[in-house]
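Residue-level structure breakdown
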Amino acid sequence: MEVVVLLWMVPLLLIPLLMWTSRTFVFYFKKFFYVAWMMCLALIAIPLCILKSGGRDVENMRVIRSLVRHVKYFLGLRFEVSGWEHLQTQGPYVIISNHQSSLDVLGLMEILPDRCTMIAKKELIYAGTVGLICWLGGIVFINRKKTSDAKGVMAEAAKTMLEDQIRLWVFPEGTRNQNGDLLPFKKGAFHLAIQAQVPLIPVVFSSYRNFYLRKEKQFKSGTIRLKILPKIETKGLTSDDVSDLCDRSFNVMHSAFLEISPSVSQSNGPKSH
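Residues numbered from 1 in each chain as written. Predicted model: local features only at pLDDT ≥ 70, side-chain atom pairs only at ≥ 80, totals over all residues. Heavy atoms only, no water.

Where an unreviewed UniProt entry is consulted, the protein appears under the name 1-acyl-sn-glycerol-3-phosphate acyltransferase, with the organism given as Knipowitschia caucasica. Database annotation for the protein, UniProt heading Function (unreviewed entry): "Converts 1-acyl-sn-glycerol-3-phosphate (lysophosphatidic acid or LPA) into 1,2-diacyl-sn-glycerol-3-phosphate (phosphatidic acid or PA) by incorporating an acyl moiety at the sn-2 position of the glycerol backbone." Of the protein, the UniProt comment under Sequence similarities (unreviewed entry) reads exactly: "Belongs to the 1-acyl-sn-glycerol-3-phosphate acyltransferase family." (UniProt positions renumbered as here; feature names shortened; annotations may be inferred.)

Right under this line is the structure:
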């Protein structure tokens, strides 16, 4: 019996010691906790969503949002949000934001408006309980490797936005990016907004580099600034205007990113895209 108690006490004593002394241990511990806890929350959310809506429905995002918002406290993160008034836009719209890591989900849930879901890579649907809750939340899955499939999904999404009066959140960089700047935008989100003739609302996350560095195995406490920018109208625009709309959106988001990211050198001018 004493041996069993001792075996339990050793890791309980070791974990606080490693949390205090090892940056690498903190990084992996927080990453593991984040993934495991999100999967547990998804397990709780699944029956709640089925009871609420009977299956797949964008209204289930309310349940997911309420369950996820506390996770930031466990990771030592807090959010400073500005520009809330720009999300008071009525009707459907497309939110575009930069994408740095899976932690973006926490910021997304911090400000997610009602009747809003996301566009995400198809592989996410296979992520166990998280994949199932994403499906129940009405997330639109696209196959990034097949351009024709992605275009078809976007066209269908534009139709659904108008018929069901929903909003969609898109990461136009197309992949996670932690290089301290924005990647060139892919044009899917802009085709979507123009097809549906709905406004774009840019949302910018400040750089995570002052507290989260994947290659250096650093994951400290930190503050994430979220800036919601004024909407960009698409009324009257056609497919010929997609490139210009993409460029304009990139420029305003890049400027905001540099403004709210003190760890990013102001000498890094906008990248060619």
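Below, the discussion takes up the layout of surface pockets. Where empty space is left becomes clear once a probe the size of a water molecule has been rolled over the atoms. Within this model, the largest pocket holds a volume of roughly 1,400 Å³. If you trace the largest pocket, you find 47 residues lining it, with Ile119, Ala120, Lys121, Leu124 and Phe171 closest to the centre. Considering every element that reaches the lining of the largest pocket, the biggest residue donor is helix 2 (residues 23-53), with eight residues. For the lining of the largest pocket, the residue count by class is 30 nonpolar, nine polar and eight charged. (1 Å grid on protein atoms, 1.4 Å probe; cavity = no way out; pocket = protein on both sides within 12 Å on 5 of 7 lines; lining within 4 Å. Points joined across faces, edges and corners; volume = space filled by probe spheres on them. Helix = DSSP H or I, 4+ residues; strand = E, 2+ residues; numbered from the N terminus. Nonpolar A, V, L, I, M, F, W, Y, C, P; charged D, E, K, R; others polar.)

Turning next to the nonpolar core. Judged by nonpolar contacts, the single largest core of 81 residues is most densely connected at Val94, Leu103, Leu106, Trp169, Phe190 and Leu192. No other element matches helix 9 (residues 242-260), which puts nine residues into this core. Once residues within four sequence positions are removed from consideration, Leu103 is found in contact with Tyr34, Leu75, Leu77, Tyr208, Phe211, Tyr212 and Phe219. (Core = buried A, V, L, I, M, F, W, Y, C linked by side-chain atoms within 4.5 Å. Buried < 20%, exposed > 50% of the residue type's maximum accessible area, 1.4 Å probe, protein only. Contact = heavy atoms within 4.5 Å.)

Between helix 8 (residues 188-196) and helix 9, the shortest axis-to-axis distance is 9 Å and the interhelical angle comes to 115°. The two elements helix 8 and helix 9 meet at a crossing, and its hand is right-handed. Across the interface between the two elements, Phe190, His191 and Ile194 from helix 8 touch Val242, Leu245, Cys246 and Ser249 from helix 9. Class assignment of the residues belonging to the contact of helix 8 with helix 9 gives a composition of five nonpolar, two polar and no charged. (Axes fitted to C-alpha atoms, helices over the stretch in contact; angles between N-to-C directions. Left-handed = near helix turned anticlockwise from the far one by under 90°.)

For Gln165, which is not glycine, the phi torsion reads 55° and is therefore positive. Take Gln165: it is sitting in the loop between helix 7 (147-164) and strand 5 (167-170). Positive phi, normally seen in glycine, also occurs at Lys217, with a value near 55°. Tracing the backbone shows Lys217 in the loop between strand 7 (212-213) and strand 8 (218-219).

Under the counting rule described, the total for this entry stands at ten aromatic pairs. Each ring, one from Phe33 and one from Trp37, has its centre 6.2 Å from the other, and the planes form 10°; the classification is stacked. Of the two residues, Phe33 and Trp37 both sit in helix 2, four residues apart, roughly one turn of that helix. Members of the aromatic cluster, joined through ring pairs, are Phe27, Tyr28, Tyr212 and Phe219. Lying across the ring of Phe219, Lys30 places its NZ or CZ 4.8 Å from the centre. (Phe/Tyr/Trp six-rings, centres within 6.5 Å; stacked < 30°, edge-to-face > 60°. Lys NZ or Arg CZ within 6 Å of the ring centre and 35° of its normal.)

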